[in-house]
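Residues per chain, in single letters:
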Amino acid sequence: MERACVELMYHPDLIRHPDNCPALVLNADYTPLSYYPLSLWPWQTAIKAVFLDRVDIVEHYDREIHSPTCRMRIPSVIALRQYVKPHEHPAFTRFNLFLRDHFECQYCGSPRDLTFDHVVPRSQGGRTTWENVSTACAPCNLRKGGRTPKQAGMALTQAPHKPTSWQLQDSGRKFPPNYLHDSWRDWLYWDAELES
Ligand SMILES: [Zn+2]
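Conventions adopted
Residues numbered from 1 in each chain as written. Predicted model: local features only at pLDDT ≥ 70, side-chain atom pairs only at ≥ 80, totals over all residues. Helix = DSSP H or I, 4+ residues; strand = E, 2+ residues; numbered from the N terminus. Contact = placed C-beta atoms within 7 Å. Buried ≥ 20, exposed ≤ 12 C-beta atoms within 10 Å, placed from the backbone. Pairing = 2+ DSSP bridges. pLDDT = per-residue confidence, 0-100. Axes fitted to C-alpha atoms, helices over the stretch in contact; angles between N-to-C directions. Core = buried A, V, L, I, M, F, W, Y, C linked by C-beta atoms within 7 Å.

1. A short note on the overall build of the chain
Move 1: On a plain count of helices and strands, the chain comes out with seven helices and six strands.
Move 2: When contacts within the chain are restricted to residue pairs at least 6 apart in sequence, those whose partners lie at least 24 apart make up 62%.

Written out as C-alpha cells, the structure reads:
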C-alpha cells in the first residue's frame, strides 16, 4: 500500500467518536503506524483491508457486523502485512515544530501562549528553518525581541534541529489522545517506564 494512501486514511476525528469502532493500525513490525496523530482507520476501511488481505487482525471489538452471507467481529487492532517505511524527515510545519519541542517554550518551559522564535532574528539574516526556529511563549518571544539568545542573555533548553520522523513519533507518544480502547493499550507504549 502506498504511503500517501495510508496517510489519507488517518482521521483524527475518529478519536472523539469511539462509537465508530475505529481500528488502531500497526505497521508490519507491530508498532503503531503513527503515534501522533494516532493511526486509526474507520471500521469500514479496516474490514475492506482485511478482505483485500492487506492486514492481519490482531484484536477485536465485541461488536459484530452482519451481511447476508457472513458475520464478523469488528477489528480493533490490525497490522499491515507490508511494512511502510516512514519518511526520514517530517514536514516542516507549525505542528511538527511544537511537537519537536514538546509543546513547551524552549526558554522558560511554559506550555502556554506558544508561538515561534527565530533564534537568529530575521533582521540579522536568520532563516525560517528547522535549525533556526524554536517554540517560545509570547512573553519570552517579546522579551528576546530582535536579538540572538546570547545578546538577550536567554538560554535555549535545546538547540533547534531537524528532527527525524522517529524522534517526532517518540515525542508524540507523550501526548496520548483522550480516548484509547482497552485493546489498543498493549500496542502503545505510553507508560513512563518505557520512555526512559
Ligand atoms: Zn517562555
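More follows now that the structure is in view.
2. Things to note about the pairing of strand β6 (residues 133–137)
Move 1: β6 sits mainly inside the fold: five of its five residues count as buried.
Move 2: Judged by which residues are buried, β6 turns out to be covered on both faces: V133, T135 and C137 on one side and S134 and A136 on the other are all buried.
Move 3: Note: strand β5 (residues 114–118) against β6, five bridges, orientation antiparallel. Within the sheet, the bridge partner assigned to F116 lies in β6 and is T135.

3. A closer look at the confidence of the model for the chain
Move 1: Model confidence for the chain is summarised by a mean pLDDT of 82, while 82% of its residues fall at 70 or above.
Move 2: The lowest-confidence element of the chain is helix α7 (residues 192–195), averaging 35 in pLDDT; the highest-confidence one is helix α5 (residues 149–152), averaging 97.
Move 3: Counting interchain partners and residues more than four positions distant, the pLDDT-below-50 stretch residues 190–196 has three contacts.

4. A word on unusual backbone geometry
Move 1: One non-glycine residue, Y30, lies in positive phi territory at about 65°.
Move 2: Along the chain, Y30 turns up in the loop between β1 (23–26) and β2 (40–41).
Move 3: Phi at D113 takes a positive value of approximately 55°, unusual for a residue other than glycine.
Move 4: With respect to the element layout, D113 can be found in the loop between α3 (94–100) and β5.
Move 5: Classification of D113 by C-beta neighbours within 10 Å gives exposed; the count is 12.

5. What about the pairing of strand β4 (residues 71–80)?
Move 1: Bridge count for β1 against β4 is three bridges, and the pairing is parallel. Within β4, the residue paired with L24 across the bridge is V77.
Move 2: Relative to β4, strand β3 (residues 55–66) is paired through eight bridges, and the arrangement is antiparallel. Following the sheet pairing, H66 is matched in β4 by R71.
Move 3: If you look at the hairpin formed by β3 and β4, you'll find four residues sitting between the two strands.

6. A few points about the sheet that holds β3
Move 1: The mixed open sheet is built from four strands, whose spatial order is β2-β1-β4-β3. Of all the strands in the sheet, the pair left with one neighbour each is β2 and β3.
Move 2: Sitting on the sheet, helix α2 (residues 43–51) touches β1, β2, β3 and β4, and the angle it makes with β4 is about 85°.

7. Side note on the environment of T164
Move 1: Tracing the backbone through its elements, the reader meets T164 in the loop between α5 and α6 (165–172).
Move 2: By the C-beta count within 10 Å, which is 14 here, T164 ends up partly exposed.
Move 3: A sequence separation of 75 residues divides T164 from H89, and the C-alpha atoms of the two residues are 4.7 Å apart.
Move 4: If sequence neighbours within four positions are ignored, T164 has contacts with E88 and H89.

8. Considerations on the nonpolar core
Move 1: Among the nonpolar cores identified, the biggest contains 17 residues, and A23, L24, V25, L26 and I78 are the most heavily contacted of them.
Move 2: Every element with two or more residues in this core is listed here: β1, β2, α2 and β4.
Move 3: Dropping the residues within four chain positions of it, V25 is found in contact with L33, S39, L40, W41, I78 and L80.
Move 4: The next biggest cluster of nonpolar side chains, apart from the first, holds six residues, and it includes C105, Y107, A136 and C140.

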